[in-house]
Amino acid sequence: AQKITQTQPGMFVQEKEAVTLDCTYDTSDPSYGLFWYKQPSSGEMIFLIYQGSYDQQNATEGRYSLNFQKARKSANLVISASQLGDSAMYFCAMREAPLYNQGGKLIFGQGTELSVKP
Amino acid sequence: GAVVSQHPSWVICKSGTSVKIECRSLDFQATTMFWYRQFPKQSLMLMATSNEGSKATYEQGVEKDKFLINHASLTLSTLTVTSAHPEDSSFYICSPYRVGAKNIQYFGAGTRLSVL
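Being a predicted model, the structure only gives us computed values, none of them experimental.

K.L.:
Can you help me understand the layout of surface pockets in this one?
P.N.:
There is about 400 Å³ of room inside the largest pocket. What lines the largest pocket is a set of 20 residues, and nearest its centre among them are Gln 39 and Ser 41 of chain A together with Gln 38, Pro 40 and Lys 41 of chain B. For the lining of the largest pocket, the secondary-structure elements that each account for two or more residues are strand 10 (88-96) and strand 12 (112-117) of chain A together with strand 9 (90-98) and strand 10 (111-115) of chain B. Here the lining of the largest pocket is built from residues that sort into 9 nonpolar, 8 polar and 3 charged. Taken as a whole, the second largest pocket spans an internal volume of roughly 260 Å³. Lining the second largest pocket are 14 residues, and of these Leu 44, Met 45, Leu 46, Met 47 and Glu 59 of chain B lie nearest its centre. If you list the elements that add at least two residues to the lining of the second largest pocket, you get strand 11 (106-108) of chain A together with strand 4 (30-38) and strand 5 (44-51) of chain B. Sort the elements by how many residues they give to the lining of the second largest pocket and strand 5 of chain B lands first, with 4 residues. Taken together, the residues of the lining of the second largest pocket break down into 10 nonpolar, 2 polar and 2 charged.

K.L.:
So what exactly am I meant to see when it comes to the pairing of strand 5 (residues 32-39) of chain A here?
P.N.:
Consecutive residues of a regular strand have side chains that alternate between opposite faces of the sheet. Residue and element names in this part refer to chain A. Summarising burial for strand 5: 8 of the 8 residues are buried, a large majority. Side-chain alternation along strand 5 places Tyr 32, Leu 34, Trp 36 and Lys 38 on one buried face and Gly 33, Phe 35, Tyr 37 and Gln 39 on a second face that is also buried. Where strand 5 and strand 6 (residues 46-52) come together, 6 bridges link them in antiparallel fashion. In the sheet register, Phe 35 faces strand 6, and the bridge partner there is Tyr 50. Hairpin connection, strand 5 to strand 6: the antiparallel pair is bridged by 6 residues, and Gly 43 has positive phi, about 100°.

K.L.:
How should the interface of chain A and chain B be read in this particular structure?
P.N.:
A common way to express how large an interface is: the accessible area buried when the components associate. Listed by partner, the interface residues are 25 residues for chain A and 24 residues for chain B. There are 2 salt bridges connecting chain A and chain B. With a shortest N-O distance of 3.5 Å, Glu 59 of chain B and Lys 105 of chain A are connected by a salt bridge. Put simply, chain A and chain B have 8 residue pairs in polar contact (both at pLDDT 80 or more) between them. At the level of elements, strand 5, strand 6, strand 10 and strand 11 of chain A are the ones that each hand at least two residues to the side of chain A that touches chain B.

K.L.:
Honestly, the sheet that holds strand 8 (residues 76-81) of chain B in this entry has me stumped. Any pointers?
P.N.:
To summarise the sheet geometry, strands pair through backbone hydrogen bonds and adopt either a parallel or an antiparallel arrangement. Residue and element names in this part refer to chain B. Pairing within the open sheet is antiparallel, and its 4 strands lie in the order 1-3-8-7. Each edge of the sheet is formed by a strand with only one pairing partner; in this case those strands are strand 1 (4-7) and strand 7 (67-73). Taken pair by pair, the neighbouring strands of this sheet meet at an average axis angle of 15°, ignoring direction. Both strand 3 (residues 19-25) and strand 8 contribute to a ladder of 6 bridges, which runs antiparallel. Bridging from a neighbouring strand, Val 19 pairs with Val 81 of strand 8.

K.L.:
Hey, could you run me through the pattern of salt bridges in this one?
P.N.:
A side chain with one charge may pair with a side chain of the opposite charge, provided their charged atoms come close. Tallied over the entire structure, the rule returns 6 salt bridges over all chains. For Asp 86 of chain A, the salt bridge is made with Arg 63 of chain A, and the minimal N-O distance between the two is 2.8 Å. Taken together, the residues span a long stretch of sequence, with Asp 86 of chain A in the loop between strand 9 (74-79) and strand 10 and Arg 63 of chain A in the loop between strand 7 (60-61) and strand 8 (64-69) at a distance of 23 residues. A relative accessible area of 2% places Asp 86 of chain A in the buried class. Between Lys 41 of chain B and Glu 113 of chain A there is a salt bridge, with its nearest N and O atoms 3.5 Å apart. Of the two residues, Lys 41 of chain B is situated in the loop between strand 4 and strand 5 and Glu 113 of chain A in strand 12; the pairing between them involves two chains. Its relative accessible area of 34% is what places Glu 113 of chain A among the partly exposed residues.

K.L.:
Explain the side chain of Ser 43 of chain B to me, please; I cannot follow it from the model alone.
P.N.:
In this structure, Ser 43 of chain B sits in the loop between strand 4 and strand 5. A distance of 2.5 Å separates the side chain of Ser 43 of chain B from the backbone oxygen of Gly 109 of chain A, its partner in a polar contact. With near-sequence residues (within four places) excluded, Ser 43 of chain B lies in contact with Phe 91, Phe 108, Gly 109 and Gln 110 of chain A together with Arg 37 and Gln 38 of chain B.

K.L.:
What should I look at first to understand the sheet that holds strand 10 of chain B in this one?
P.N.:
Residues and elements named next belong to chain B. One open sheet holds the 6 strands; their spatial order is 2-10-9-4-5-6, and the pairing between them is mixed. Looking at which strands have only one partner, the edges of the open sheet turn out to be strand 2 (10-13) and strand 6 (57-58). One ladder, built from 8 bridges, connects strand 4 with strand 9; its direction is antiparallel. Bridge assignment links Met 33 to a residue of strand 9, and that residue is Pro 96.

Rules used throughout
- Residues numbered from 1 in each chain as written.
- Chains lettered and ligands numbered in written order.
- Predicted model: local features only at pLDDT ≥ 70, side-chain atom pairs only at ≥ 80, totals over all residues.
- Heavy atoms only, no water.
- 1 Å grid on protein atoms, 1.4 Å probe; cavity = no way out; pocket = protein on both sides within 12 Å on 5 of 7 lines; lining within 4 Å.
- Points joined across faces, edges and corners; volume = space filled by probe spheres on them.
- Helix = DSSP H or I, 4+ residues; strand = E, 2+ residues; numbered from the N terminus.
- Nonpolar A, V, L, I, M, F, W, Y, C, P; charged D, E, K, R; others polar.
- Buried < 20%, exposed > 50% of the residue type's maximum accessible area, 1.4 Å probe, protein only.
- Pairing = 2+ DSSP bridges.
- Contact = heavy atoms within 4.5 Å.
- Salt bridge = Lys/Arg side-chain N within 4 Å of Asp/Glu carboxyl O.
- Polar contact = N/O pair within 3.5 Å; in protein donor to acceptor, adjacent residues only side chain to side chain.
- Axes fitted to C-alpha atoms, helices over the stretch in contact; angles between N-to-C directions.

Here you go:
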């Protein structure tokens, strides 16, 4: 069975500094997708970034990058130049066997609460 | 980006009553719908998966008779919490799968249910 682990319940970062949020996963399927979402206090799930298991390069989206280490089964999120608005809950999630026309379920990690200090 | 509409965003009900939550994909067809539940300060837990026109598949520990899911069309799915009790108070989030969108998963804005 697939499993996602986020070991940092809470993190603090100074505004304008970079921060890394950890995520490790476990799966026996060679085909999978890894996602990061941001959830502010409003509750909405905001998609940040995606990494496919066969992607050769680490994914990047603006200030977000994913440090994908396949052999170590880790997919850490790096946020550069933190902003006050980055304060939120961050979830790592995995989907096994992402078929083209059939959606596999997303399984979420426990989440990391990020607080950005001014 | 794709738009998902979830309604209501917040509901308070008396114990023993039923509550229906609607989830619509406004600009795409959702062959599969996922329903999650989230308790305060916790992660999203998958409750059930439904495919259009089929019965939902429930995760272990989720009562299918309490949480009725209907996915009658490719753009609408509903979750009905029947005979709600205070322990059903939670944040419920729908997540429709857009065909071909393997690298993104959309979510509704969620419904906060408070059962008195």
